[in-house]
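Spelled out, the chains give:
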Amino acid sequence: MSYRVIQWGTGNVGRHALRAIVERPDFELTGVRVYNPDKVGTDAADLLGGQPPTGVKATDDVDAILALDADCVCYSPLGSTLDETGGPLDDICRLLASGKNVVSSAVEFHAYFPPGLAMKGAGDSHERIERACAQGKSTFFHVGINPGFTMDMWPLHMSRLCGRIDHLHAIEVVDMTRYPSFHMVREIMGFGLPPDAPSAIDAHMGDVHESAFYLSMRMIADGLKVELGDVEYSREVAVTDEPISIAAGEIPAGTVAAVKFHYRGFINERPAITLEWIWRITDSVAPEWPTGDSRWILRVEGNPSIESSIDIGTTEDAGRGTSIAVATLLLNAVPIVCEAPPGILDNLSLPSHGGGYFLP
Ligand SMILES: NC(=O)c1ccc[n+]([C@@H]2O[C@H](COP(=O)([O-])OP(=O)(O)OC[C@H]3O[C@@H](n4cnc5c(N)ncnc54)[C@H](OP(=O)(O)O)[C@@H]3O)[C@@H](O)[C@H]2O)c1
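Residues numbered from 1 in each chain as written. Predicted model: local features only at pLDDT ≥ 70, side-chain atom pairs only at ≥ 80, totals over all residues. Heavy atoms only, no water.

Remarks on helix 1 (residues 12–23)
Here is step 1: With 12 residues, helix 1 ought to run about 16 Å at 1.5 Å a step, and its terminal C-alpha atoms sit 17 Å apart, in line with that.
Here is step 2: Counting buried positions along helix 1 gives 10 out of 12 residues, so the element sits mostly inside the fold.
Here is step 3: Those residues of helix 1 that fall on the buried side of the exposure criterion are Asn-12, Val-13, Gly-14, Arg-15, His-16, Ala-17, Leu-18, Arg-19, Ala-20 and Ile-21.
Here is step 4: Buried residues belonging to helix 1 abut strand 1 (3–8), strand 2 (27–33), helix 2 (44–48), strand 4 (72–75) and helix 10 (321–332). (Helix = DSSP H or I, 4+ residues; strand = E, 2+ residues; numbered from the N terminus. Expected span 1.5 Å × (residues − 1). Buried < 20%, exposed > 50% of the residue type's maximum accessible area, 1.4 Å probe, protein only. Contact = heavy atoms within 4.5 Å.)

Quick word on the nonpolar core
Here is step 1: Membership of the largest hydrophobic core comes to 121 residues, with the highest contact counts inside it found for Val-32, Val-103, Phe-191, Tyr-263, Leu-275, Trp-277 and Trp-279.
Here is step 2: Broken down by element, the residue count for this core peaks at 7 residues, all from strand 11 (residues 256–267).
Here is step 3: Taken together, domain 1 (3–143 + 333–345) and domain 2 (153–312) each give at least three residues to this core, which thus spans both. (Core = buried A, V, L, I, M, F, W, Y, C linked by side-chain atoms within 4.5 Å. Domains from an automatic or database assignment.)

Overview of the packing of helix 4 (residues 86–97) against helix 5 (residues 125–136)
Here is step 1: Closest axis-to-axis distance for the helix 4/helix 5 pair is 7 Å, and the angle between their directions is 20 degrees. One finds that helix 4 runs roughly parallel with respect to helix 5. Across from Leu-89, Asp-90, Cys-93, Leu-96 and Ala-97 in helix 4, the residues of helix 5 making contact are Ser-125, Arg-128, Ile-129, Ala-132, Cys-133, Gln-135 and Gly-136.
Here is step 2: Split by residue class, the contact of helix 4 with helix 5 holds 7 nonpolar, 3 polar and 2 charged. (Axes fitted to C-alpha atoms, helices over the stretch in contact; angles between N-to-C directions. Parallel < 35°, antiparallel > 145°, perpendicular 65-115°, else oblique. Nonpolar A, V, L, I, M, F, W, Y, C, P; charged D, E, K, R; others polar.)

Some thoughts on the site of the ligand
Here is step 1: Taken together, 23 residues surround the ligand, and among them Thr-10, Asn-12, Tyr-35, Lys-39 and Pro-77 come closest.
Here is step 2: Interatomic distance of 3.0 Å between a backbone N/O atom of Gly-11 and an oxygen atom of the ligand.
Here is step 3: The separation between an oxygen atom of the ligand and a polar main-chain atom of Tyr-35 is 2.7 Å. (Near = heavy atom within 4 Å. Polar contact = N/O pair within 3.5 Å; in protein donor to acceptor, adjacent residues only side chain to side chain.)

Quick look at the side chain of Ser-181
Here is step 1: Considering the arrangement of structural elements, one finds Ser-181 in the loop between strand 7 (164–175) and helix 7 (182–188).
Here is step 2: By relative accessible area, which is 17% here, Ser-181 ends up buried.

Considerations on the sheet that holds strand 6 (residues 139–142)
Hydrogen bonds along the backbone pair up the strands of a sheet, which may run parallel or antiparallel.
Here is step 1: Strand order across the open sheet formed by 7 strands is 3-2-1-4-5-6-15, with parallel pairing between neighbours. Only two strands of the sheet have a single neighbouring strand rather than two, namely strand 3 (58–59) and strand 15 (343–345).
Here is step 2: Relative to strand 5 (residues 101–104), strand 4 runs parallel, the two being bridged by 4 bridges. Bridge pairing in strand 5 links Cys-72 to Asn-101.
Here is step 3: Its contacts with the sheet put helix 5 on strand 6 and strand 15, and the angle it makes with strand 15 is roughly 120 degrees. (Pairing = 2+ DSSP bridges.)

Comments concerning the domain arrangement of the protein chain
Interfaces are frequently sized by the accessible area removed from exposure as the parts join.
Here is step 1: The domains assigned to the protein chain are domain 1 (3–143 + 333–345) and domain 2 (153–312).
Here is step 2: Here the C-alpha centroids of domain 1 and domain 2 sit 27 Å apart.
Here is step 3: Across the contact, 14 residues belong to domain 1 and 16 residues belong to domain 2.
Here is step 4: Among the residues of domain 1 in contact with domain 2, Thr-81, Tyr-112 and Met-119 are the three that bury the most area, contributing 43% of the side total.
Here is step 5: Our count for the domain 1 to domain 2 interface comes out at 0 salt bridges.
Here is step 6: Inspection of the domain 1/domain 2 interface yields 3 residue pairs in polar contact (both at pLDDT 80 or more).
Here is step 7: Class assignment for the residues of the side of domain 1 that touches domain 2 results in 9 nonpolar, 3 polar and 2 charged. (Buried area = accessible area lost by both parts, 1.4 Å probe. Salt bridge = Lys/Arg side-chain N within 4 Å of Asp/Glu carboxyl O.)

Right under this line is the structure:
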């Protein structure tokens, strides 16, 4: 079976997704939605470089995209980091109502809708998406590297090896040096800001029960069928002594060059689950923190104890493992999403499946 797939957004994630849609033997590229006026009218192949023409031209005409006959849309433009997040939800609902399945990385609050938890960031997404799915007889699934895999689903899969768990610790280490998105690296993550300056991500994570990252903690607890108590938050930063040049611009001396965010979840009033995100633009600060490019470490203390890690690499585009991993998580879900009954699949309800493809 071949799947007709539309790629919506051609940024870091979207270009990896587009390349895979063009290359995958069981996918047929059906449309490309872009925002940048310079990309409009360009053959999809020219957005990737070095590919034979696809005959599919990028467009910013949403009605034209809605009118296409497609099985699935891979929706990866900006989403929850925008000032106004109603737009992405409107897009997703229109696509679903038009009968297209959607896999999305844009709004992290859509990764999991825990029963009884009404997060401000999710708003009325659950009801609206359900309605749109019913209207279009379509299925929706959101996934990201986290929430959606490395800090929740991977630890959960690994817990099948566990007996008594004393403490589960998942660590993300991502090098942001080659991430060219000024919006994400500077405006959201706060690299290049003075250490005491508030950053958007600090405000987001610090409001624990309203943070999309809390969903990872909830997915682990709910997947393990234990009641999650308090979740403590802390943040540390490390400052560079000298200016550093990265893809997103210049980072002045005396400003943030590495950050560590920390959630500690309590079960039975004991600290039981620790999630830690370490993001760097240099390894020369905070040498005691783990280093790596796109790396995740899982440590389970208990019987048995477990230590495992994932390192993801690619040489394409900006060479960021995280971006290609979001693209592969999205596309590997397409067949299962297209075959699922209408409605929302979240990361806990998604049937077990594999991924990847072989060329003929
Ligand atoms: N949770 C996770 O693990 C995770 C990890 C990485 C990314 N993400 C999410 O995945 C999405 C894509 O990330 P990325 O790294 O590819 O971002 P990026 O490189 O900054 O790309 C930006 C994308 O947004 C599009 N865009 C431009 N203006 C826009 C607007 N006003 N409204 C909506 N979209 C606009 C761009 O359009 P063009 O196609 O015209 O360039 C491009 O496709 C984001 O929503 C990001 O938050 C999630």
